[in-house]
Amino acid sequence: MSRRAGSPAAPGGAGQGRPDAGVGRVTWQALRARRAAVARLAGWSAVEALPALLSGLLVARAVDHGFLAGRLGVGLGWLAALAGAVLVGAVATGRTYRSLGAVVEPFRDDLAARVVRAALAGATRPDARPDGAAAARLTHQVELVRDTFAGLLMVTRGFLFAAGAALLGLLALDPVVAALVAAPLVAGVAVFLAALPAMAGQQRRYVRAGEELSRSAATALAGHRDVRACGAAERVVADVGRRVAAQAAAERTLARMSAVRSLSLGLGGWLPLAILLLAAPWLVGRGLTAGAVLGALIYVSTGLQPALHALVQGVGGGGLRYVVTLDRILRTCPEPGDPPATAGPPTGVDESAPAVRARGLTFRYGAAARPVVADLTLSLPTGDHLAVVGASGAGKSTLAALLSGLLPPQAGTVRLAGVEISARGPGELARLRVLLPQEAYVFTGSLGDNLRYLRPDADDATVVAALDALGVRALAARIGGLAAPVAPDALSAGERQLIAAARAYLSPAPLVILDEATCHLDPAAEAVVEDAFADRPGTLVVIAHRISSAVRARRVLLLDGDRPALGTHEELLARSAAYRDLVGHWDARPAERAPAGRG
Ligand SMILES: Nc1ncnc2c1ncn2[C@@H]1O[C@H](COP(=O)(O)OP(=O)(O)OP(=O)(O)O)[C@@H](O)[C@H]1O
């Protein structure tokens, strides 16, 4: 049974962003900006299609008027004409590549310039952190877009001209034959086009899985000393391993989906051949000549079939990579003129979705260990203020880590503002939530640097307002103001917690999770901090260590083995013996922990 805690959930989130009009718009702009080169490409493509247009007709003539009529010279003459058309087509093919370069290379340059502009803008931001892996990834993506764009143009225009020419030739041979071929061809193309969105979605998941893997491996590598020092090697290896498995699974699904390509090829490329062969006696009975039947077979086997094959392989492979990769570049490197969809907050954020939505959340620290969190379902609307309580070891910190994406659940999902947490990178997560642990992190640097760490653009007035709200003004004055250096070792644990709290308060993240983050403050200082966070726009989760935190909260979640309970403080007092016990235990505690101040 699902252990539900929380109000019925609002409709789910918007899901991940999909390759949108941005890709179509940029592609269209690229083609329009090089109209002359595109026109030249189309012109040479038409000439290139000459053999496809004439092959069946000329072979039919050669057979009917030449070889079958006993006039070898006439037959050879028609075949020579076909050879001439093939020669002209070959010259045109060479020219198409020149025109293609004139369309594709400037497009690549545009994209490279976009990437460089975005990298420069990122590097000069005050919160800039060097990310060589991202720059290399983007450069690689630009090259991928260039190659796949060229391939897409070639196969699409190749199919349009070759299939168009073959159908015209068939029409000239016999309209009934043209209809017999066109019907399955249209069905094959329709099946392929219908499956494209699903294939694009899967391709997107594959690319995202690759990015997640590279990010997680790069982070693990960069922080390997800390990982070892904290004994987190096992967890980090498991995390990277999970992403390797996710990418492999996405690639396997993608490979399975290629079956759709075979189906569409079978329908559009092979079925017309079978139909023609089966219908040959009937067609001949209707007066079609042997040469015309052979010509029709040539149109299908050397014109339509290869063109469809190239289209399906090209669009289904490189074409999908083009859409997905270009979409990533546009999202990662937005330009001022872009529509808002490509910029702004993390993609997929749904402001109407609950701030937090956990479903079937399960976590255990070892394969054989009992679950610390078992099948927990919880929904917090935006603006909620939840206190999480429970005996020591009940799993409160584990839940905080799960809700903030620091621990991956073994089962179930967590969504923040409609965003699936496991699919997000550290940057996106940082914009969605801030987790404040018990051990406050204060680094050597100025007080201002420490406070602005999560919001570098906060001006002095904003910072001072945060200090006021949290009751930290006096401490800041004691340190010597925002510009004064902070020596972390010279601060008490409570003072460090106050500075970390002000930093989290200033963060733009709408969800704040305080994991016993005020445990070294005296009750009065703790009340000021919690009240300030409760008044801050957004959602607050407090892992409570005092009854007062539960009383202040709008709702309380009691973690009690596999029987969690959710309600107001009064409701839980009335209906939960475990909660009454806990409250009694808290009330009976003789002394609170050390107050803030130098200790
Ligand atoms: N890294 C870990 N490896 C193995 N077990 C762990 C780990 N971290 C926590 N646990 C176990 O998981 C259970 C829940 O721990 P958690 O820290 O989430 O509880 P808590 O309710 O926050 O406790 P407290 O109030 O004492 O901080 C405990 O039994 C703990 O021993």
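Small disclaimer: the values here were computed from a predicted structure and weren't measured. (Residues numbered from 1 in each chain as written. Predicted model: local features only at pLDDT ≥ 70, side-chain atom pairs only at ≥ 80, totals over all residues. Heavy atoms only, no water.)

A.B. asks: It is not clear to me how the overall build of the protein chain should be interpreted in this structure. Could you clarify?
C.D. replies: Of regular secondary structure, the protein chain possesses 20 helices and 13 strands. Expressed as a percentage of its 599 residues, the buried residues of the protein chain come to 46%. Contacts in the protein chain between residues far apart in sequence, at least 24 positions, make up 78% of those at least 6 positions apart. As presented, the protein chain carries roughly 27,800 Å² of accessible surface, and 63% of it is formed by carbon and sulfur atoms. (Helix = DSSP H or I, 4+ residues; strand = E, 2+ residues; numbered from the N terminus. Buried < 20%, exposed > 50% of the residue type's maximum accessible area, 1.4 Å probe, protein only. Contact = heavy atoms within 4.5 Å. Areas by Shrake-Rupley, 256 points an atom, 1.4 Å probe, with all protein chains shown as cover.)

A.B. asks: Sorry, what's going on with the pairing of strand 11 (residues 539-543) here?
C.D. replies: Within a regular beta strand, the side chains point alternately toward one face of the sheet and then the other, so they alternate between its two faces. Burial runs high along strand 11: five of the five residues are buried. Neither face of strand 11 is left uncovered, since the one carrying Thr 539, Val 541 and Ile 543 and the one carrying Leu 540 and Val 542 both have all their residues buried. Sheet analysis places strand 4 (residues 385-390) next to strand 11, joined by four bridges and oriented parallel. Residue pairing in the sheet places His 385 in a bridge with Leu 540 of strand 11. Bridge count between strand 10 (residues 511-515) and strand 11: five bridges; the pairing is parallel. Across the sheet, residue Leu 514 finds its bridge partner in strand 11, namely Val 542. For the crossover from strand 10 across helix 17 (residues 523-535) to strand 11, the handedness is right-handed. (Pairing = 2+ DSSP bridges. Right-handed = clockwise from strand over helix to strand, strands pointing away.)

A.B. asks: Explain the environment of Arg 95 here, please?
C.D. replies: Here Arg 95 lies in helix 4 (residues 72-123). Sequence-wise, Arg 95 and Ser 45 are 50 residues apart; in three dimensions their C-alpha atoms are separated by 8.8 Å.

A.B. asks: Please clarify how a nonpolar patch on the surface should be interpreted in this entry.
C.D. replies: Where nonpolar side chains cluster on the molecular surface, the patch consists of Phe 67, Leu 72, Leu 76 and Leu 79 and spans about 360 Å² of accessible area. Looking at where Leu 76 falls in the secondary structure, it is placed in helix 4. Here Leu 76 falls in the partly exposed class, since its relative accessible area comes to 46%. (Patch = residues over 30% accessible without salt bridge, like charges linked within 9 Å, V, L, I, M, F, W, Y side chains within 5 Å. Salt bridge = Lys/Arg side-chain N within 4 Å of Asp/Glu carboxyl O.)

A.B. asks: Just to check I follow, could you spell out the UniProt feature "transmembrane region" (unreviewed entry) in the protein chain for this structure?
C.D. replies: Taking the UniProt record as the reference, the feature "transmembrane region" (unreviewed entry) is found at residues 41-60, 72-92, 149-171, 177-198 and 262-284. Spanning residues 72-92, this segment combines 100% helix with 0% strand, and its end C-alpha atoms are found 30 Å apart. Helix makes up 100% of residues 149-171 and strand 0%, and the two end C-alpha atoms of the span are 32 Å apart. (UniProt positions renumbered as here; feature names shortened; annotations may be inferred.)

A.B. asks: Just checking my understanding: could you explain the site of the ligand for this structure?
C.D. replies: What surrounds the ligand is the set Tyr 365, Val 372, Ala 391, Ser 392, Gly 393, Ala 394, Gly 395, Lys 396, Ser 397, Thr 398 and Glu 516. With respect to the ligand, the side chain of Ser 392 contributes an N or O atom lying 2.6 Å from an oxygen atom. The backbone of Gly 393 places a nitrogen or oxygen atom 2.9 Å from an oxygen atom of the ligand. The residue inventory of the shell around the ligand, partitioned by class, reads four nonpolar, five polar and two charged. (Near = heavy atom within 4 Å. Polar contact = N/O pair within 3.5 Å; in protein donor to acceptor, adjacent residues only side chain to side chain. Nonpolar A, V, L, I, M, F, W, Y, C, P; charged D, E, K, R; others polar.)

A.B. asks: In this structure, what is going on with unusual backbone geometry? I would like to understand it.
C.D. replies: Phi is mostly negative for residues that are not glycine, and the peptide bonds are mostly trans. Unusually for a residue other than glycine, Ala 417 sits at a positive phi of about 50 degrees. With respect to the helices, strands and loops of the structure, Ala 417 is situated in the loop between strand 5 (411-416) and strand 6 (419-420). The backbone of Glu 516 shows a phi angle near 50 degrees, a positive value even though the residue is not glycine. Looking at the secondary structure, you find Glu 516 in the loop between strand 10 and helix 17. Glu 516 sits in the buried class, given a relative accessible area of 15%.

A.B. asks: Can you walk me through the sheet that holds strand 11 in this structure?
C.D. replies: Within a sheet, neighbouring strands are paired by backbone hydrogen bonds and run either parallel or antiparallel to one another. Here we have six strands laid out as an open sheet, ordered 7-10-11-4-12-13, and mixed in their pairing. One side of each edge strand has no neighbouring strand; the edge strands of this open sheet are strand 7 (433-436) and strand 13 (565-567). Here the average twist between neighbouring strands, direction ignored, is 15 degrees. The pairing of strand 12 (residues 555-559) with strand 13 spans three bridges and is antiparallel. (Axes fitted to C-alpha atoms, helices over the stretch in contact; angles between N-to-C directions.)

A.B. asks: Just to check I follow, could you spell out helix 14 (residues 460-470) for this structure?
C.D. replies: Each full turn of the α-helix corresponds to 3.6 residues, which orients residues three or four apart in the same direction. Within the sequence span of helix 14, burial applies to Val 463, Ala 466, Leu 467 and Leu 470. For helix 14, the angular spread of buried residues about the axis comes to 100 degrees, placing them on one side. Where helix 14 ends, the next residue or the one after it, Gly 471, has phi of about 70 degrees, a positive value. (Arc of directions from axis to C-beta.)

A.B. asks: What's the story with the packing of helix 6 (residues 175-222) against helix 9 (residues 259-285) in this structure? I'm lost.
C.D. replies: Packed helix pairs are specified by the crossing angle of their axes together with the interaxial distance, meaning the distance between the axes. Where helix 6 meets helix 9, the axes come as close as 8 Å, and the angle between the chain directions of the two elements is 170 degrees. Comparing their axes, helix 9 and helix 6 come out roughly antiparallel. As for how helix 6 packs across helix 9, the hand of that crossing is right-handed. Here the contact of helix 6 with helix 9 is built from residues that sort into 20 nonpolar, three polar and one charged. (Parallel < 35°, antiparallel > 145°, perpendicular 65-115°, else oblique. Left-handed = near helix turned anticlockwise from the far one by under 90°.)

A.B. asks: Got a minute to help me understand the confidence of the model for the protein chain in this structure?
C.D. replies: Per-residue confidence for the protein chain gives a mean pLDDT of 85; residues scoring 70 or more make up 89%. In this model, residues 1-19 is a region of pLDDT below 50 whose contacts with residues beyond four sequence positions or in other chains number 54 contacts. Confidence over residues 340-348 falls short of pLDDT 50; this stretch has 22 contacts with residues more than four positions distant or in other chains. (pLDDT = per-residue confidence, 0-100.)

A.B. asks: It is not clear to me how the side chain of Gln 305 should be interpreted in this structure. Could you clarify?
C.D. replies: Tracing the chain through its elements places Gln 305 in helix 10 (residues 290-332). Polar contacts involving the side chain of Gln 305 include one to the main-chain carbonyl oxygen of Gly 269, which spans 3.0 Å. With residues up to four places along the chain from it excluded, the contact list for Gln 305 reads Gly 269, Trp 270, Leu 273 and Val 300.

A.B. asks: Could you clarify how one ought to interpret helix 3 (residues 50-67) in this entry?
C.D. replies: With 18 residues, helix 3 should reach 26 Å at 1.5 Å per residue; the first-to-last C-alpha distance of 23 Å fits that figure. All of the buried residues along helix 3 are Pro 51, Ala 52, Ser 55, Gly 56, Leu 58, Val 59, Ala 60, Ala 62, Val 63 and Gly 66. (Expected span 1.5 Å × (residues − 1).)

A.B. asks: Help me out: how do you make sense of the nonpolar core in this one?
C.D. replies: Soluble globular proteins: nonpolar side chains tend toward being buried together. Core analysis: the largest hydrophobic core is formed by 62 residues, its most contacted members being Phe 107, Leu 170, Leu 276, Leu 304, Leu 308, Tyr 322 and Leu 326. Per-element accounting of this core gives the leading share, 17 residues, to helix 10. With sequence-adjacent residues up to four places away left out, Leu 276 is seen in contact with Val 177, Val 181, Leu 283, Ala 296, Leu 297 and Val 300. By size, the runner-up hydrophobic cluster in this structure holds 37 residues, among which are Val 463, Val 486, Ala 517 and Ala 532. (Core = buried A, V, L, I, M, F, W, Y, C linked by side-chain atoms within 4.5 Å.)

A.B. asks: Any chance you could explain the packing of aromatic side chains here in plain terms?
C.D. replies: A complete count under the given rule lists six aromatic pairs for this structure. Ring geometry for Phe 149 against Tyr 322: centres 5.4 Å apart, planes inclined by 20 degrees, an arrangement best described as stacked. With Phe 149 in helix 5 (residues 132-173) and Tyr 322 in helix 10, the pair connects residues that are 173 residues apart, well separated along the chain. Across the pair, Tyr 322 and Phe 149 agree in class, each one buried. Ring pairing ties together the aromatic residues Phe 107, Phe 149 and Tyr 322, which thus form one cluster. Here the basic side chain of Arg 61 rests over the ring of Trp 78, its NZ or CZ set 5.8 Å away from the ring centre. (Phe/Tyr/Trp six-rings, centres within 6.5 Å; stacked < 30°, edge-to-face > 60°. Lys NZ or Arg CZ within 6 Å of the ring centre and 35° of its normal.)

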